[in-house]
Amino acid sequence: MPEKRMLIVELDVIRKIDENRGDMSISDFINFLIDSQLKQDVNGRNNDHITKEEFRQFEQGIRELLRNFLEFFLSYGLELGKQPTDRELEKLSQKLRTLGVSAKAKST
């Protein structure tokens, strides 16, 4: 049988534990929390999550990649001599403008 000790904590802490532990015993819940904290990486972050800033940077990178992709194929088609219809050109231009505007709006 494991040795048991008493831990004295503030009433607010006990309330938080009781509100969040579900069907777990208090001891099991505290063990779970301690284990979760010890599994964090060196930077103090859990590897399962990213920050909002990291996600925004990723989103901006994807938008820029898509914009470059569209620009490349537009210019590639023009260099090969294939003249796009005015409708196709306008659709691509509108997409490029939309990507440029939304990327600028998100960065501010």
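Thresholds, definitions, all that
- Residues numbered from 1 in each chain as written.
- Predicted model: local features only at pLDDT ≥ 70, side-chain atom pairs only at ≥ 80, totals over all residues.
- Heavy atoms only, no water.
- Helix = DSSP H or I, 4+ residues; strand = E, 2+ residues; numbered from the N terminus.
- Contact = heavy atoms within 4.5 Å.
- Areas by Shrake-Rupley, 256 points an atom, 1.4 Å probe, with all protein chains shown as cover.
- Salt bridge = Lys/Arg side-chain N within 4 Å of Asp/Glu carboxyl O.
- Buried < 20%, exposed > 50% of the residue type's maximum accessible area, 1.4 Å probe, protein only.
- pLDDT = per-residue confidence, 0-100.
- Axes fitted to C-alpha atoms, helices over the stretch in contact; angles between N-to-C directions.
- Parallel < 35°, antiparallel > 145°, perpendicular 65-115°, else oblique.
- Nonpolar A, V, L, I, M, F, W, Y, C, P; charged D, E, K, R; others polar.
- Patch = residues over 30% accessible without salt bridge, like charges linked within 9 Å, V, L, I, M, F, W, Y side chains within 5 Å.

Turning next to the overall build of the protein. Looking only at helices and strands, the protein features four helices and zero strands. The linear arrangement of helices and strands in the protein, starting from the amino end, is α-α-α-α. For the protein, restricting intrachain contacts to residue pairs at least 6 apart in sequence, the fraction spanning at least 24 positions comes to 48%. For the protein, the accessible surface area stands at approximately 9900 Å², while carbon and sulfur atoms represent 57% of it.

What follows is about the pattern of salt bridges. This structure, assessed with the given rule, holds five salt bridges. Between Asp 12 and Arg 15 there is a salt bridge; the shortest N-O distance is 3.4 Å. Of this pair, Asp 12 and Arg 15 both sit in helix H1 (residues 11-20), three residues apart, which is roughly one turn of the helix. For Arg 15, a relative accessible area of 46% translates into the label partly exposed.

All right, on to the confidence of the model for the protein then. Scored by pLDDT, the protein has a mean of 79; 75% of the residues are at 70 or more. Of all the helices and strands in the protein, helix H4 (residues 86-107) carries the lowest mean pLDDT, 69, while H1 carries the highest, 93.

Quick look at the packing of H1 against helix H2 (residues 26-38) now. Helix-helix packing is described using two parameters, namely the angle between the two axes and the distance between the axes. Contact geometry for H1 and H2: axes closest at 10 Å, N-to-C directions at 90 degrees. Looking at the two axes, H1 sits roughly perpendicular to H2. Of the residues in H2, those in contact with Ile 17, Asp 18 and Asn 20 of H1 are Ile 26, Phe 29 and Ile 30. Residues of the contact of H1 with H2, tallied by class, amount to four nonpolar, one polar and one charged.

Taken together, the side chains of Ile 50, Phe 55, Phe 58, Ile 62 and Leu 65 present a nonpolar region at the surface, about 530 Å² in accessible area. Tracing the backbone shows Leu 65 in helix H3 (residues 52-79).

Let us look at the environment of Leu 89. The topology assignment puts Leu 89 in helix H4. Leu 89 sits in the partly exposed class, given a relative accessible area of 32%. Taking the C-alpha atoms as reference, Leu 89 lies 8.0 Å from Leu 74; in sequence the two are 15 residues apart.

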